[in-house]
Amino acid sequence: MAAHPPTGCSRIQPPVYEKHGSSSFSEFRASLYDYWNFIGSTLVDAKRMLPTVLKGEARIIYQSIPDQMRTDNSSMDRLMETFEQRLFSDTEIDLLKDELRSFKQSGRPVHSFAEDIRRAAEKAYPGNTDDIARTRDREAKEAFLSGLDDTIRVDVRKLAPPNFQVAIKNAQQMENIIRKEKKEEKIDSLIQGVNSLFTNPAQQEIIRVMKEGIDSPLSRKYGRKYSLQDGMLYLKERGRWTNPLKVILPEEDPQLEEIVRSFHTSPHLAAHAGVEKTLQLLADRAYWKGMREIVNNVCRSCPQCAKCKTNPHDNTVE
Ligand SMILES: [Zn+2]
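In this text the structure is predicted, and so the values were computed from the model without any measurement. In this numbering scheme, every chain counts its residues from 1 along its sequence in written order. Local features in this predicted model are restricted to residues of pLDDT 70 or higher, and side-chain atom pairs are both shown and tallied only at a pLDDT of 80 or more, whereas totals for entire chains, interfaces and linings draw on every residue.

Below, the discussion takes up the overall build of the chain. A count of helices and strands for the chain gives 16 helices and five strands. Residues with at least 20 neighbouring C-beta atoms inside 10 Å of their own are called buried, those with 12 or fewer are called exposed, and the rest are partly exposed, where every C-beta is derived from the backbone. Considering the chain as a whole, with its 318 residues, one finds that 20% of them fall into the buried category. Here, residue contact means that the backbone-derived C-beta atoms of the two residues sit within 7 Å. Within the chain, contacts between residues at least 6 apart in sequence are counted, and of these 55% link residues at least 24 apart. Helix and strand assignments follow DSSP, with helices taken as H or I runs no shorter than four residues and strands as E runs no shorter than two, numbered in order from the N terminus.

Our next topic: the nonpolar core. Ranked by internal contacts, the top residues of the largest apolar core, which has 20 residues, are I117, A121, A143, F144 and A171. Listing elements by their share of this core, those giving two or more residues are α7 (110-124), α8 (130-147) and α10 (164-198). Those residues in contact with A171 that sit more than four places away from it in its chain are V110, L148, I152 and V156. A set of buried residues drawn from Ala, Val, Leu, Ile, Met, Phe, Trp, Tyr and Cys, joined through C-beta atoms within 7 Å, is what defines a nonpolar core.

Packing of α7 against α8 brings their axes to within 9 Å, and their N-to-C directions diverge by 140°. By the angle between their axes, α7 is oblique relative to α8. Considering how the two elements wind past one another, α7 and α8 form a crossing that is right-handed. Facing F113, A114, I117, R118, A121 and E122 of α7, the residues of α8 in contact are R136, E139, A140, A143, F144 and G147. Residue polarity follows a fixed list, in which Ala, Val, Leu, Ile, Met, Phe, Trp, Tyr, Cys and Pro are nonpolar, Asp, Glu, Lys and Arg are charged, and the others, Gly among them, are polar. Of the residues that constitute the contact of α7 with α8, the class distribution is seven nonpolar, one polar and four charged. Here, axes are lines fitted to C-alpha atoms. For helices the fit covers the stretch in contact, and angles between N-to-C directions go from 0 to 180 degrees. Every angle not falling under 35 degrees, over 145, or within 65 to 115 is termed oblique; those three ranges are roughly parallel, roughly antiparallel and roughly perpendicular. Note on convention: the crossing is left-handed when the near helix lies turned anticlockwise from the far helix by less than a right angle, right-handed when the turn is clockwise.

Before going further, it helps to spend a moment on the packing of helix α14 (residues 275-283) against helix α15 (residues 291-300). The N-to-C vectors of α14 and α15 enclose an angle of 130°; their axes lie 9 Å apart at closest approach. Considered as vectors, α14 and α15 are oriented oblique to each other. Along this stretch, α14 crosses α15, giving a crossing that reads as right-handed. Contacts between α14 and α15 involve V275, T278, L279 and L282 from the former and M291, R292, V295, N296 and C299 from the latter. Each residue belonging to the contact of α14 with α15 can be placed in one class, and the counts come to six nonpolar, two polar and one charged.

Here the focus is unusual backbone geometry. Not every positive phi belongs to a glycine, and S106 is a case in point at roughly 50°. By the element assignment, S106 lies in the loop between α6 (90-102) and α7. A count of 8 C-beta atoms within 10 Å places S106 in the exposed class.

The next subject is the environment of P51. With respect to the helices, strands and loops of the structure, P51 is situated in the loop between α2 (43-49) and β2 (54-55). Judged by the 13 C-beta atoms lying within 10 Å of it, P51 is partly exposed. In this view, P51 contacts R59 and Y62; residues no more than four positions away in its chain are not counted.

This part covers the confidence of the model for the chain. Confidence in the prediction of the chain, expressed as mean pLDDT, is 80, and 77% of residues score 70 or more. Think of pLDDT as the predictor's per-residue confidence, scored from 0 to 100. The least confident element of the chain is strand β5 (residues 240-245), whose mean pLDDT is 56; the most confident is α8, at 94. Throughout residues 1-9 the model reports pLDDT below 50, and contacts reaching past four residues in sequence, or to other chains, amount to 14 contacts.

If you trace the backbone, S75 turns up in the loop between α4 (67-71) and α5 (76-87). Under the C-beta neighbour-count criterion, S75 is labelled exposed, with 11 such atoms within 10 Å. Along the sequence, S75 and K47 sit 28 residues apart, while their C-alpha atoms lie 10.0 Å from each other.

Below you can see the structure in the form of structure tokens.
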């Protein structure tokens, strides 16, 4: 270290070190060396000053180093090495390694989990040599792979990522696929739910009885209300044949309102259309008495439609 006098620039402050603080030991050492170089500190002065920039446990550990090494003219690097070893004694390091291996994703996004692993790996495997960096990367990757959520762990492992960075990338790809699948599954099940409820067993039974064409009390009963033409079922209402019925839903199904709500809100079905449009779309697939009333209730009570005041839907009652 150069032995010229300090520059007197009071703005430059020495770095401070605290065990488990925000900066790693190697970062601290590097900026302390810079500082000493900058103020032109001698080796002895530097050694005298070192304990004053250590806080709490770090200072106590530093004082456990033999006096001679702390004050004599032997190399600063050797003192720092000894200090680092004592700071991260085997027990301490073992605990940090255990901690690294115990991390779990627990439903968090991959990037946040990976960041925790990266930080823990830097604490458990401190140092900048190629050897340490390789070990740190391997251990980080291993901890990352075993801590991933079950839904993606197996698939990411199969990809056998060569390093931690690639493992993160692979996991994020899997994460995106699953997110997309979940969304599609939700839409599928909604459409299926709506469709299955529109496939009413009662209608199938009416069609079956009327197709048989056998005279019976049941076929006569159905015959008063329905007509089967070219495989299509028609409903007789007020003396007129209505449009062919796609489906007949039970009139007082408590789920009806829920179905209509799904139908109204689904972006793939009515997509928050107004009463008339929702009714028309629904009537293409279903019929039941009191349909308009339910559609009207659902559309009028839809919070999303109510929010769109600048472009209100047609929510009038006929
Ligand atoms: Zn709506």
